[in-house]
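# Commentary on secondary and tertiary structure
Residues per chain are reported as follows:
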Amino acid sequence: MTRGPEIPGTAESYWMASAEHPSFPPLDADRSADVVVVGGGMAGLSTAWELTRAGRGVVVLEADRVAAGVSGHTTAKLSAAHGLVYDRLRRTRGPEGAALYARSQQAAVERVGAVAAELGIACDLESASAFTYTTDPWRRPEFEAEAEAAEAAGLDAVCVRETELPFSVAAAVRVGRQARFHPRRYLLGLVADLRARGGVVHERTRVTGLSEGVPCRVTTESGLTVSARDVVVATHVPVFDRALLFARMSPRRELVVAAPIAAEAAPEHMYITDEGGKRSVRTAPLDGDRRLLIVTGEDFTPGAGGVRERFLRLDAWTHEHFAAGPTAYHWAAQDNDVSDGVPLIGAFHPGARHVYVATGFGGWGMSGGAMAGQLLTSLLTGDRPDWAGLYDPRRLRSTVREGTALLAQQAEVARHFVGDRLTGARVDSAEEIAPGTGAVVREGARRLAVYRDEAGRTHRLSARCTHLGCLVAFNQAETAWECPCHGSRFGVDGQVLQGPAVRPLPPAERDGSVT
C-alpha cells in the first residue's frame, strides 16, 4: 500500500488560518447554570449568545476548540437558497411549509448581518446573490419549478439562463439578498460578547452523559458535572442516542480547495450545482486586488476512500474553469442529511421537557445554525415561533418519498455493519502498510485499525467504532479513521475527532473483543 501524489496547498482551513486562536479553560469544577449548551459551533454559540442576551445564565461546553470543528471548515455561505428545496417542500409540506422554511432561513441570514453590525464584528460580511445551476438542458423545467416555488415562498427568486460563470449553464435559480462571511471571526465575536454578558465557555471538555430531570445534569469525561434547568445539544450529531436521531440522518464529507484569484476575474456571486459530485463556488477578501476563490465538492460517505484522488479532481476542475493561482489551502467538512430534508431543531425526544437539540443542517449550517439560535431561545423563553413545528424533531412524516429515504439510509448502515465484516480485511498484514498510511488488518478473529507512522512504527487500535460497532476505514488524505455508518472520526491515536462517538478507539492490546 503506497501513497499517491501530494495534494497542493496547505492542509488547513482558511478560516482557521486567518483568525485569532483564543483559548478557554476546561471545566475544572462542578458548575450550575440556567442553560448548558453542549457544542461550540454555529448552532451552539448562536444559541448561547441569544440566551445570554435574553438574560439566561449560560455555560458552553466544547469537546475541542470553539468555532473550530464543522463551523471552522465550512464554505460559509449565509443563504436561504438550499439547492432545489422549495419545490420539494411545496409538495411534501405544502405552500405554507415552504413559506415557513424561507422566512426562517432568510431571517437567519439577516440576523447574522444585524448582530455583526451591532457588535462591530469585522467578519468580511458581504452581500451576494446565490445561484443554483445546471448545465443539462433536460433539467431546465426542474429549475423553473424551483424558482417559481422559491418566489411563492417569499424569496427574491428568478430562473435565469445566463450567469457570470466562465462556462454556459442551461438554467439557474438566482436568489437575491444572500450573504457570505468569515465564520470563525463572527463566532469569536459572539463568544467575546456572551462572556462580557456573564456567559461561560469551557473548551477541551467532552460531554459523555446526560441525566434529565429538574435540574438536568450533564457529565464530562473527567467526571465533572454541570447542572442546569435546560440543556441544548448542538454537537452536529447528537452525542446521546436516546432519541435515535442518528438513524434519521446520513453523513457525508465534502472537500474544499482555495486559491488566490485577481479581483477582476473573481465571480461576484455564489454558485452551486449538484452535478459532477457537487461544485460550490464563492470568494472571500484576501489582500489588495486579490480574492480567495473557494470551491467545494466531491461529496462522499466517510470511509469511502479515494480522498486524495477526489481532492486532485476538485483542484483540476477549479483551475480548468477559473484563472486562479496555485492552490493555497485544502480542507474538508462533514454534513448530515435528514431523511425528510429538514433540520431537527427543538425538543430532543417526545418525553423531553428541558432538553433540546439542533442537528441535521444538510450542508447549510451557517443560516441553519443562526436560525437554530433564534428558534431554541424562543422555545426556552416561552415564545414559540410559527416555524417551530416545521423543524420539530418529534415530527412524524409518512410520505413515500421520506420513507424511502429513511429505508435507504438504514440499508446503507446495514450494508456496512454486515458487509464490511464479510468482505474481509483490506490488507493481509501490517507489513504491507507503507509509512504514513493505514489499513484494517485481520488478526485472528479480530480486525485491527493499523497505522504506520513516518518512522515506521505501527499504531494498532480496535477497528470497531465505539458508537455502534461498525468497522472504520482509513482516510489517508486526512490521516484519520472514519466510520461509514454514522460519521464518527478518530485520530491515529484513537481519540475522537468527531461524534456521535464519545469514546476513543481502544488500543488493540487492551481490546479482547471479536470483530
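Residues numbered from 1 in each chain as written. Predicted model: local features only at pLDDT ≥ 70, side-chain atom pairs only at ≥ 80, totals over all residues. Heavy atoms only, no water.

The name an unreviewed UniProt entry gives the protein is FAD-dependent oxidoreductase, with Streptomyces halstedii as the organism.

So, on to the overall build of the protein. Of the regular secondary structure elements, the protein holds 10 helices and 25 strands. In summary, the protein has a C-alpha radius of gyration of 22 Å against a globular reference of 24 Å for 515 residues, a match within 12%. Along the first, second and third principal axes, the C-alpha set of the protein runs to 60 × 55 × 50 Å. Considering the protein as a whole, with its 515 residues, one finds that 60% of them fall into the buried category. Of the contacts made within the protein by residues no fewer than 6 positions apart, 70% connect residues no fewer than 24 positions apart. (Helix = DSSP H or I, 4+ residues; strand = E, 2+ residues; numbered from the N terminus. Rg over C-alpha atoms; globule rule 2.2 N^0.38 Å. Buried < 20%, exposed > 50% of the residue type's maximum accessible area, 1.4 Å probe, protein only. Contact = heavy atoms within 4.5 Å.)

Summarising the element assignment, Val36 is placed in strand E2 (residues 31–38). Linking Val36 and Val58, residues 22 residues apart in sequence, is a C-alpha distance of 5.7 Å.

With that settled, the discussion passes to the packing of aromatic side chains. In the structure shown here, the tally under the stated rule is 11 aromatic pairs. An angle of 65° between the planes, with centres 5.3 Å apart, marks the rings of Tyr14 and Trp15 as edge-to-face. According to the relative accessible area criterion, Trp15 is buried, its value standing at 1%. Arranged with centres 5.8 Å apart and planes meeting at 70°, the rings of Tyr86 and Tyr101 form a pair that is edge-to-face. Pair noted here: Tyr86 is in helix H3 (residues 86–92) and Tyr101 is in helix H4 (residues 94–119), with a separation of 15 residues, a long-range link. Side by side, Tyr86 and Tyr101 carry an identical accessibility label, which is buried. Counting every residue linked through ring pairs, the aromatic cluster contains Tyr133, Phe167, Trp317 and Phe322. (Phe/Tyr/Trp six-rings, centres within 6.5 Å; stacked < 30°, edge-to-face > 60°.)

Here 4 strands make up an open sheet; going across it, the order is E22-E23-E24-E25 and the pairing antiparallel. With partners counted over all chains shown, the strands left at the sheet margins are strand E22 (473–475) and strand E25 (496–498), one partner each. Summarising the sheet, strand E23 (residues 480–482) and strand E24 (residues 489–490) pair through 2 bridges and their orientation is antiparallel. Each residue of the ladder has a partner; that of Glu482, found in E24, is Arg489. (Pairing = 2+ DSSP bridges.)

Our next topic: the pattern of salt bridges. Counted under the stated rule, the structure contains 34 salt bridges. Arg279 serves as the salt-bridge partner of Glu298, at 2.8 Å between the closest nitrogen and oxygen. In this pair, Glu298 is assigned in strand E15 (residues 290–300) and Arg279 in strand E14 (residues 279–287), connecting sequence segments 19 residues apart. Taken as a pair, Glu298 and Arg279 share a single burial class, namely buried. Here Arg489 and Glu478 are joined by a salt bridge, their closest N and O atoms 3.5 Å apart. In this pair, Arg489 sits in strand E24 while Glu478 sits in the loop between E22 and E23, placing the two residues 11 residues apart along the sequence. With relative accessibility at 8%, the residue Arg489 sits in the buried group. With relative accessibility at 24%, the residue Glu478 sits in the partly exposed group. Counted as one network, the salt bridges with shared partners bring together Arg252, Glu254, Lys278, Asp299, Asp335 and Asp337. (Salt bridge = Lys/Arg side-chain N within 4 Å of Asp/Glu carboxyl O.)

Here the focus is the confidence of the model for the protein. In regions of low pLDDT, the predicted coordinates are not meant to be interpreted in detail. The share of residues in the protein with pLDDT of 70 or more is 91%, and the mean pLDDT across the chain is 89. With pLDDT under 50 throughout, residues 510–515 is counted as low confidence; its partners more than four residues away or in other chains account for 14 contacts. (pLDDT = per-residue confidence, 0-100.)

A few words on the sheet that holds strand E21 (residues 458–462). One open sheet accounts for 3 strands, arranged E19-E20-E21; its pairing is antiparallel. Among the strands making up the open sheet, the edge pair consists of strand E19 (437–443) and E21. The sheet shows a mean angle of 30° between the axes of neighbouring strands, taken without regard to direction. (Axes fitted to C-alpha atoms, helices over the stretch in contact; angles between N-to-C directions.)

Further remarks concern the nonpolar core. In this structure, Tyr86, Phe181, Tyr186, Ile345 and Tyr391 are the most contacted members of the largest nonpolar core, which totals 81 residues. Considering each element in turn, this core owes the most residues, 9 residues, to H4. With residues up to four places along the chain from it excluded, the contact list for Ile345 reads Val357, Ala358, Phe361, Gly368, Met371, Ala372, Leu375, Leu376, Tyr391, Asp392 and Pro393. Among the nonpolar cores identified, the runner-up in size contains 28 residues, and Leu27, Val231, Phe246 and Val338 belong to it. (Core = buried A, V, L, I, M, F, W, Y, C linked by side-chain atoms within 4.5 Å.)

Moving on, we get to helix H2 (residues 42–53). With 12 residues, H2 should cover 16 Å at 1.5 Å per step; its first-to-last C-alpha distance of 16 Å lies within 8% of that length. With respect to burial, H2 is a largely interior element, 11 of its 12 residues being buried. Within H2 the residues assigned to the buried category are Met42, Ala43, Gly44, Leu45, Ser46, Thr47, Ala48, Trp49, Glu50, Leu51 and Thr52. Where H2 terminates, the next one or two residues include Gly55, which has phi positive at roughly 95°. (Expected span 1.5 Å × (residues − 1).)

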